[in-house]
Amino acid sequence: MADLFSMKSPLIIRLANGETHIMAEYFRHPRGLLYFELFWHQQPENLTHLIEGEYKGEGPWKVGDAVISVLGCHGCDADLATAFAEWQMYLQMCGDDYPAEQAIKEYAVKIGALL
């Protein structure tokens, strides 16, 4: 496949505890991967996460004990697909509420992301 950070497709992350999230935004971090869940901008303190560990793979990818894959691959969870569709609808209808790309990058750098 490709380098994780060049992907344009929606990605999901499955954590070691079994939780699965869609990554709305994601960035390199000195200790691993910084990612933001859907609607992160409404509660950034609760919906931004750092996964520590070495980055590996070409798809699916691993960071620490977490596995990242493209949404829709290998029997994707219908709830995740629905959540992503709702996210896309939200962005189309309420896109002015979502931070601009530069503001997202500035926030990510503020909490340790590498650009």
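Worth saying up front: this structure is predicted, and the values here are computed from it rather than measured. (Residues numbered from 1 in each chain as written. Predicted model: local features only at pLDDT ≥ 70, side-chain atom pairs only at ≥ 80, totals over all residues. Heavy atoms only, no water.)

**Q** Before we go on, may I ask you to explain the overall build of the chain in this structure?
**A** When helices and strands are counted, the chain shows three helices and seven strands. Order of helices (α) and strands (β) in the chain, N terminus to C terminus: β-β-β-α-β-β-β-β-α-α. Taking 13 Å as the expected radius of gyration for a compact globule of 115 residues, we find that the chain reaches 14 Å, a close match to that expectation. Principal axes of the C-alpha set define a box for the chain whose edges measure 35 × 35 × 25 Å. When the 115 residues of the chain are sorted by exposure, 35% land in the buried category. Sequence-distant contacts in the chain: of pairs separated by 6 or more residues, those separated by 24 or more amount to 49%. Summed over all atoms, the accessible surface of the chain reaches about 6,800 Å², with 51% contributed by carbon and sulfur. (Helix = DSSP H or I, 4+ residues; strand = E, 2+ residues; numbered from the N terminus. Rg over C-alpha atoms; globule rule 2.2 N^0.38 Å. Buried < 20%, exposed > 50% of the residue type's maximum accessible area, 1.4 Å probe, protein only. Contact = heavy atoms within 4.5 Å. Areas by Shrake-Rupley, 256 points an atom, 1.4 Å probe, with all protein chains shown as cover.)

**Q** Help me understand the pairing of strand β3 (residues 32-37) in this model?
**A** Walk down a regular strand and you will see the side chains alternate between the two sheet faces. With six of six residues buried, β3 lies mostly within the body of the structure. One ladder, built from six bridges, connects strand β2 (residues 20-29) with β3; its direction is antiparallel. Following the sheet pairing, phenylalanine 27 is matched in β3 by leucine 34. By the bridge criterion, five bridges tie β3 to strand β4 (residues 48-52) in an arrangement that is antiparallel. Bridging from a neighbouring strand, phenylalanine 36 pairs with threonine 48 of β4. (Pairing = 2+ DSSP bridges.)

**Q** Sorry, what's going on with the nonpolar core here?
**A** One broad trend across soluble globular proteins is that nonpolar side chains are buried collectively. Formed by 17 residues in total, the largest nonpolar core has its most connected members in Phe36 and Trp40. Discounting chain neighbours no more than four positions away, the residues touching tryptophan 40 are Ala24, Glu25, Leu47, Thr48, Tyr98, Pro99, Ile104 and Tyr107. Judged by nonpolar contacts, the second largest core, of 15 residues, contains Met7, Met23, Val63 and Ala66. (Core = buried A, V, L, I, M, F, W, Y, C linked by side-chain atoms within 4.5 Å.)

**Q** How should the packing of aromatic side chains be read in this particular structure?
**A** Geometry of an aromatic ring pair is reported as the spacing of the ring centres plus the angle between the planes. Following the criterion strictly, the structure yields eleven aromatic pairs and no others. Taking 5.3 Å as the distance between ring centres and 80 degrees as the angle between the ring planes, the aromatic pair formed by tryptophan 87 and tyrosine 98 counts as edge-to-face. Pair noted here: tryptophan 87 is in helix α2 (residues 78-94) and tyrosine 98 is in the loop between α2 and α3 (101-110), with a separation of eleven residues, a long-range link. Take tryptophan 87 and tyrosine 98: they sit in the same class, and that class is buried. (Phe/Tyr/Trp six-rings, centres within 6.5 Å; stacked < 30°, edge-to-face > 60°.)

**Q** Help me understand the sheet that holds β2, please; the structure alone is not making it clear to me.
**A** Backbone hydrogen bonds hold the strands of a sheet together, and the pairing may be parallel or antiparallel. Strand order in the open sheet made by the seven strands is β4-β3-β2-β1-β7-β6-β5, with antiparallel pairing throughout. Each of the sheet's edge strands pairs with one partner strand only, and the pair in question is β4 and β5 (55-57). The mean inter-strand angle of the sheet, taken between neighbouring strand axes irrespective of direction, is 40 degrees. Sheet topology note: the strand β1 (residues 11-14)/β2 ladder contains four bridges and is antiparallel. In the strand pairing of β2, leucine 11 is matched with methionine 23. (Axes fitted to C-alpha atoms, helices over the stretch in contact; angles between N-to-C directions.)

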